[in-house]
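Structural description and commentary
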Amino acid sequence: MRKFLVVPGVVLPCLAVLPAGCSSGDDPDENPADGGIPSDVRLTPSDTDYPAVGKLDPALRNALQQAAKDARDRDVDIRITSGWRSKAYQQRLLEEGVSKYGSLAEARQYVNTPEKSTHVFGRAVDVGPTRADDWLIQHGADYGLCQAYANEMWHFELLTTPGGDCPPQLSDAAAG
Ligand SMILES: [Zn+2]
């Protein structure tokens, strides 16, 4: 059951008035307009109809598309589990983190503020599955892609020129 209708160039939330193909589920974290990704969707770096991918910095997206193409040749599927996020979505994630970890200071090690998160600026992606993370950790620098935080093996940013050296990782998101 889909919560959103995707037609070329547009992602529409499924409303009660819309016909078949929609369900009544309404998890705000899955709202594509905020950068959410519906749970039944597997995004690739080419799925620009979804704002999570469509609103990424074009240079980052191009690097990911190139990497995904080469990874595919090695039987590795690169999926975007989170990309661009609206400030509202990032704020919700931070609040969820505070309830999960018990304090803002603890939560900040895993979730950044809307003002600081590189996701909000379209300059970060979270990649899965683990096999894809491992591949990108090994080969990402060939495309300028680097793991930014030591405690997030899935979080990549464009931090060097293709073939360059990645800068030292920050320990966590709070160190940034
Ligand atoms: Zn991330």
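Residues numbered from 1 in each chain as written. Predicted model: local features only at pLDDT ≥ 70, side-chain atom pairs only at ≥ 80, totals over all residues. Heavy atoms only, no water.

Looking at an unreviewed UniProt entry, one finds the chain named LAS superfamily LD-carboxypeptidase LdcB and attributed to Amycolatopsis jiangsuensis.

Brief notes about the coordination of the zinc ion
For clarity, the threshold we go by: Because no water is among the atoms considered, metal sites can look incomplete, with donors defined as N, O and S atoms within 2.8 Å of the metal, or 3.2 Å for Na, K and Ca. Each residue's exposure class comes from its accessible area (1.4 Å probe, protein chains only) as a fraction of the maximum for that residue type: buried when under 20%, exposed when over 50%, partly exposed otherwise.
Around the zinc ion, the protein supplies His119 (NE2), Asp126 (OD) and His155 (ND1) as donor atoms, at distances of 2.0 to 2.1 Å. In primary sequence terms, the donor set of the zinc ion follows H-x6-D-x28-H. According to the relative accessible area criterion, Asp126 is buried, its value standing at 8%.

Thoughts on the environment of Pro28
Operational definition: We count a stretch as a helix when DSSP gives it H or I for four or more residues in a row; a strand needs E for two or more, and each element gets its number in order from the N terminus.
One can find Pro28 in the loop between strand 2 (10-13) and helix 1 (51-54). Taking the C-alpha atoms as reference, Pro28 lies 9.7 Å from Pro38; in sequence the two are 10 residues apart.

With respect to the sheet that holds strand 3 (residues 79-82)
Just so we agree on the cut-off: At least two DSSP bridges between two strands are required for those strands to pair. To get an axis, fit a line to the C-alpha atoms, keeping to the stretch in contact for a helix; angles then go from 0 to 180 degrees between the N-to-C directions. Any two residues whose heavy atoms approach within 4.5 Å at even a single point are treated as in contact.
Taken in spatial order, the four strands make up an open sheet running 3-4-6-5, and their pairing is antiparallel. At either end of the open sheet lies a strand with only one pairing partner, and these are strand 3 and strand 5 (145-147). The sheet shows a mean angle of 50° between the axes of neighbouring strands, direction not considered. Relative to strand 4 (residues 125-128), strand 3 runs antiparallel, the two being bridged by three bridges. Looking across to strand 4, one finds that Ile80 is bridged to Val127. Lying over the sheet, helix 5 (residues 130-139) contacts strand 4, strand 5 and strand 6 (155-158), oriented at roughly 115° with respect to strand 4.

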